[in-house]
Amino acid sequence: VMADHGDAFGEALLEFFEGRGSGAHVIERDDGLVEGIPSVEPYFGDPGGFFAIEQQALDLIGGKVLDIGAGAGRFALTAQESGAEVVALDDSAAAIDVCRRRGVERVVNESFHTYEPDERFDTFLMLGHNLGLLAPDPVRSLTRLAAMAVPGAIVLGTSLEPYATDDPSHLEYHEANRVRGRRGGHIVLRVRTQRTIGPWFDYLFSTFEELSELAAQTGWEAEKIASDDVRYLAALRLRD
C-alpha cells in the first residue's frame, strides 16, 4: 500500500545517507507534470559541488545562522565549519535526522511557517533555490523573517528565473496561475518515492524584480549578488 502524505523527500535523503539506494524520487506538479530525479546525491555535496553563485554566498555568512529548509545539511555544515553558530530548520523529520547524524549541532524539525524561535539571527540561508519557501504568502514570510532578525540581518537565497523558459508546459502553467490570481512562478508540487507520496506544498520562483518589490514592502532591501543563465543569488538586508 502506498503511504500517502508521508515524508517522501526525507525518506529519499535517508535512503541515500544509509547506503540503501540513490534516493531516486519524482517531483509531481499539480497540473500532472512529473520529473524524475535519479539521485539525491547533490544534496550531500561540499562547497566544491555547489553552484558558482552559491559559492559566492559563503563569504557573506556570519553570526547566528538559520538554514531554512536545510535538507541534508550541506549549507548548514559549511557555515558551521566556518565558525558560525547554525540552526538547521526543516519540516522533514528524516532530513533533520540526516543533518544531526552528519554533524549539524543544532537542528529543529519544524516548518518555517510555524517556527517561533526565542533567539534572533544575523544570517538566514535560503540557498538551493529555497527562496521558493517564501510561498504561499511571501509578504507574510518576509515579515516573519524580519521579526526573527537582528538589526542589519541578511537573507542569502537563490531562485530559479521562472520565466527563462520556452517550454510550453511551463508557459501554460504560468498563464493558468495568472488567470487564478497567482504569481506566474507559483508552483504547487509534491514528492513521490516508490513507497511514499508526500503532501502538496507551495513553492514560489520569483524574478529578482518581483523579489525586490516584495522585500521593499516588508523592511528588506534586495541586492542581486550574482546570476547565471537560469538562477540568481540575492541578498536581502534588513533596513535599520
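Preceding block: the structure.
In short, a report on the structure. (Residues numbered from 1 in each chain as written. Predicted model: local features only at pLDDT ≥ 70, side-chain atom pairs only at ≥ 80, totals over all residues. Heavy atoms only, no water.)

**Remarks on the overall build of the protein**
Defined as follows: In this text, helices come from DSSP runs of H or I with a minimum length of four residues, and strands from runs of E with a minimum of two, each type numbered from the N-terminal end. For the radius of gyration, the atom set is restricted to C-alpha positions; the globular benchmark scales as 2.2 Å times the number of residues to the power 0.38. To sort residues, take the accessible area from a 1.4 Å probe on protein chains only and compare it with the maximum for the residue type: under 20% means buried, over 50% means exposed, and anything in between is partly exposed. Contact definition: two residues touch when any of their heavy atoms are within 4.5 Å. As used throughout, the charge tally considers Lys and Arg to be positive and Asp and Glu to be negative, leaving His and the chain termini uncounted. We put the charge of a Lys on NZ, of an Arg on CZ, of an Asp on CG and of a Glu on CD.
Counting secondary structure elements, the protein contains 7 helices and 13 strands. Rg of the C-alpha trace for the protein: 17 Å, near the compact-globule value of 18 Å for 240 residues, within the 12% margin. Along the first, second and third principal axes, the C-alpha atoms of the protein reach 50 × 45 × 30 Å. Within the protein, the proportion of its 240 residues that are buried is 48%. Pairs at least 24 apart in sequence give 63% of the contacts found in the protein among residues at least 6 apart. Taking the average location of the 22 positive side-chain charges in the protein and that of its 40 negative ones, the two points are 3 Å from each other.

**A short note on the pattern of salt bridges**
The cut-off we apply is this: Here, a salt bridge means any Lys or Arg side-chain nitrogen found within 4 Å of an Asp or Glu carboxyl oxygen.
One pass over the structure, following the stated rule, counts 15 salt bridges. Its salt-bridge partner being glutamate 28, residue arginine 192 comes within 3.2 Å of it at the nearest N-O pair. Highlighted residues: arginine 192 in strand β9 (residues 186-192) and glutamate 28 in strand β2 (residues 25-29), separated in sequence by 164 residues. A salt bridge links glutamate 223 to arginine 237, with the nearest nitrogen and oxygen atoms 2.7 Å apart. Here the residue glutamate 223 occupies a position in strand β12 (residues 220-227), and arginine 237 occupies one in strand β13 (residues 231-238), the gap between them amounting to 14 residues. The exposure class assigned to arginine 237 is partly exposed, which follows from its relative accessible area of 33%. One salt-bridge network, in which partners are shared between bridges, spans Glu18, Arg20, Asp97, Arg100 and Arg101.

**Things to note about the environment of phenylalanine 208**
Note on placement: phenylalanine 208 falls in helix α7 (residues 208-217). Judged by relative accessible area, which is 12%, phenylalanine 208 ranks as buried. Sequence spacing of phenylalanine 208 and glycine 48 is 160 residues, and the spatial spacing of their C-alpha atoms is 26 Å. The residues touching phenylalanine 208, leaving out its near neighbours within four places in the chain, are Ala222, Glu223, Lys224, Tyr232 and Ala234.

**Overview of the nonpolar core**
This is how it is decided: Throughout, nonpolar core names a set of buried Ala, Val, Leu, Ile, Met, Phe, Trp, Tyr and Cys residues whose side chains join them through atoms within 4.5 Å.
Counting 33 residues, the largest nonpolar core has Leu66, Ile68, Phe124, Met126, Leu145 and Trp220 as its most contacted members. Among the secondary structure elements, those contributing two or more residues to this core are β4 (64-68), β5 (85-90), β7 (121-126), α5 (138-147), β8 (149-160), β9, α7 and β13. With near-sequence residues (within four places) excluded, tryptophan 220 lies in contact with Phe124, Leu142, Leu145, Ala146, Ala149, Ala153, Val155, Ala215, Leu236, Arg237, Leu238 and Arg239. Counting 22 residues, the second-largest nonpolar core is a separate cluster that includes Phe75, Cys99, Val104 and Ala226.

**Some words on the packing of aromatic side chains**
Quick note on the threshold: Two aromatic rings from Phe, Tyr or Trp, using only the six-membered ring of Trp, form a pair when their centres are within 6.5 Å; if the ring planes differ by under 30 degrees the pair is stacked, by over 60 it is edge-to-face, and anything between is tilted. Only when the NZ atom of a Lys or the CZ atom of an Arg is both within 6 Å of the ring centre and within 35 degrees of the ring normal do we say a charge sits over the ring.
Evaluated as defined, the whole model comprises 9 aromatic pairs. With a centroid separation of 6.2 Å and 85° between ring planes, the pair formed by phenylalanine 201 and tyrosine 203 is classed as edge-to-face. Overall, the relative accessible area of 31% leaves phenylalanine 201 in the partly exposed class. Here the aromatic cluster, defined as three or more aromatic residues joined through ring pairs, consists of Phe16, Phe17 and Phe44. Of note, arginine 144 hangs over the ring of phenylalanine 112, and the distance from its end group to the ring centre comes to 5.9 Å. The side chain of arginine 231 reaches across the aromatic face of phenylalanine 51, ending 3.6 Å from its centre.

**Description of the side chain of serine 141**
Put simply, the test is: N or O atoms closer than or at 3.5 Å make up a polar contact, with two conditions inside protein: a donor-capable atom paired with an acceptor-capable one, and, for residues adjacent in sequence, both atoms drawn from side chains.
Within the secondary structure layout, serine 141 lies in helix α5. Here the side chain of serine 141 touches leucine 134 through a polar contact of 2.9 Å, landing on its backbone oxygen. Beyond its immediate sequence surroundings of up to four residues, serine 141 is in contact with Phe112, His113, Leu133 and Leu134.

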